[in-house]
Amino acid sequence: MTERPKIAPESGHGLERVIFFSDAVIAIALTLLAIELPVPSGDEWVHQLQEYLGSDYVAFLISFAVIATLWFNHHRMFQQIARLTYGMIWLNILGLFTIVLMPFATKILTGLGDLPAGPIFYSGVMVLWAVVWILMVLTATRQKLWSEDAPATAPGNMIFGASALLVAFGLSIPIAFVNSDWATFFWISAWPISSVGMRIRRSRLERASAQ
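I will try to describe carefully the structure that is included in this document. (Residues numbered from 1 in each chain as written. Predicted model: local features only at pLDDT ≥ 70, side-chain atom pairs only at ≥ 80, totals over all residues. Heavy atoms only, no water.)

All right, on to the overall build of the protein then. Tallying secondary structure elements over the protein gives eight helices and zero strands in all. Helices and strands in the protein line up, N terminus first, as α-α-α-α-α-α-α-α. By residue count, 38% of the 211 residues in the protein fall in the buried class. Taking the contacts inside the protein whose residues are at least 6 apart along the sequence as the reference set, 76% of them involve residues at least 24 apart. (Helix = DSSP H or I, 4+ residues; strand = E, 2+ residues; numbered from the N terminus. Buried < 20%, exposed > 50% of the residue type's maximum accessible area, 1.4 Å probe, protein only. Contact = heavy atoms within 4.5 Å.)

Structural data, given as structure tokens:
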């Protein structure tokens, strides 16, 4: 009896289907964000708009930027993937699951007011995504799924970027128990931390390669 191989590479059309499916799921998640936006109505629409600008609309912009960033990272990774395995496909599906949760997490964030449960749940979704992303990079490296022209530093850069999100959103969870607004503002630190850290990393790699 022939044993079924543990690794079943999919390239070409199979890889394209996974990419198209992922793009469609992420596009739907972005659309759902806009659908959930409240619309001011009645005589108090000006007052309502001011309230929404301070909560719902800001949360929409944050979530839109987050999902757009996740799509950009996904796009860059799969540009450098030559083939897939079943394990990689399932990890990708789990990553898409976290992205689909973003509109729901945004609704909880704005619907619970100052309660810590909103930012805690939102941060938990982001932490899960970062963990899944790191696992995807490690799986692609271990199973040699990268294309031949993929930069040798690409996996390390991807893990570094995801780790910045993991740290920022992970640390915001205990902060949310003290003040939910502080936790939300702390999320913004993920981008400068990642940007500065990436520059330092690239500078060190350039110096190491020059020696």
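Read on, since the account is not over.
Time to look at the nonpolar core. The biggest cluster of nonpolar side chains holds 46 residues, and the ones touching the most others in it are Met77, Ile81 and Tyr122. Mapped by element, the contributors of at least two residues to this core are helix H1 (13-35), helix H3 (56-79), helix H4 (86-111), helix H5 (117-142) and helix H6 (154-178). Sorting elements by how many residues they give to this core places H5 first, with eleven residues. Residue contacts for Tyr122: discarding those within four places in its chain leaves Ile62, Ser63, Val66, Met102, Ala105, Thr106, Leu109, Phe169 and Trp187. (Core = buried A, V, L, I, M, F, W, Y, C linked by side-chain atoms within 4.5 Å.)

We now examine the packing of aromatic side chains. Scanning the entire structure with this criterion turns up three aromatic pairs. Between Phe60 and Phe64, the ring centres sit 6.0 Å apart and the planes meet at 45°, which makes this aromatic pair tilted. Residue Phe60 and its partner Phe64 are both found in helix H3; the two are separated by four residues, about one turn of the helix. What makes Phe60 buried here is its relative accessible area of 17%. Ring centres of Phe104 and Phe121 lie 5.7 Å apart, and the angle between their planes is 90°; on these two criteria the pair is classed as edge-to-face. (Phe/Tyr/Trp six-rings, centres within 6.5 Å; stacked < 30°, edge-to-face > 60°.)

Here we come to the side chain of Ser172. Considering the arrangement of structural elements, one finds Ser172 in helix H6. Owing to a relative accessible area of 1%, Ser172 belongs among the buried residues under this scheme. Separated by 2.6 Å, the side chain of Ser172 and the backbone oxygen of Phe169 make a polar contact. Residues within four places of Ser172 in sequence aside, it is in contact with Ser123, Ala183, Phe186 and Trp187. (Polar contact = N/O pair within 3.5 Å; in protein donor to acceptor, adjacent residues only side chain to side chain.)

With that settled, the discussion passes to H4. Relative to the 38 Å expected for 26 residues at 1.5 Å per residue, H4 spans 38 Å between its end C-alpha atoms, a close match to the ideal helical length. Maximum bend of H4: about 35°, positioned at Met102, with proline Pro103 one to four residues after it. (Expected span 1.5 Å × (residues − 1). Bend = angle between axes of the 7 residues up to and from the residue.)

Further remarks concern helix H7 (residues 180-187). Among all positions in H7, only Ser180, Ala183 and Trp187 are buried. All buried residues of H7 lie within an arc of 55° about the axis, which places them on one face of the element. Opposite the buried face of H7, at more than 90 degrees from it, the exposed residues are Trp182 and Phe185. At the N-terminal end of H7, a side-chain oxygen is found 3.1 Å from the backbone nitrogen of Trp182, two or three residues along, and the residue is Asn179. (Arc of directions from axis to C-beta.)

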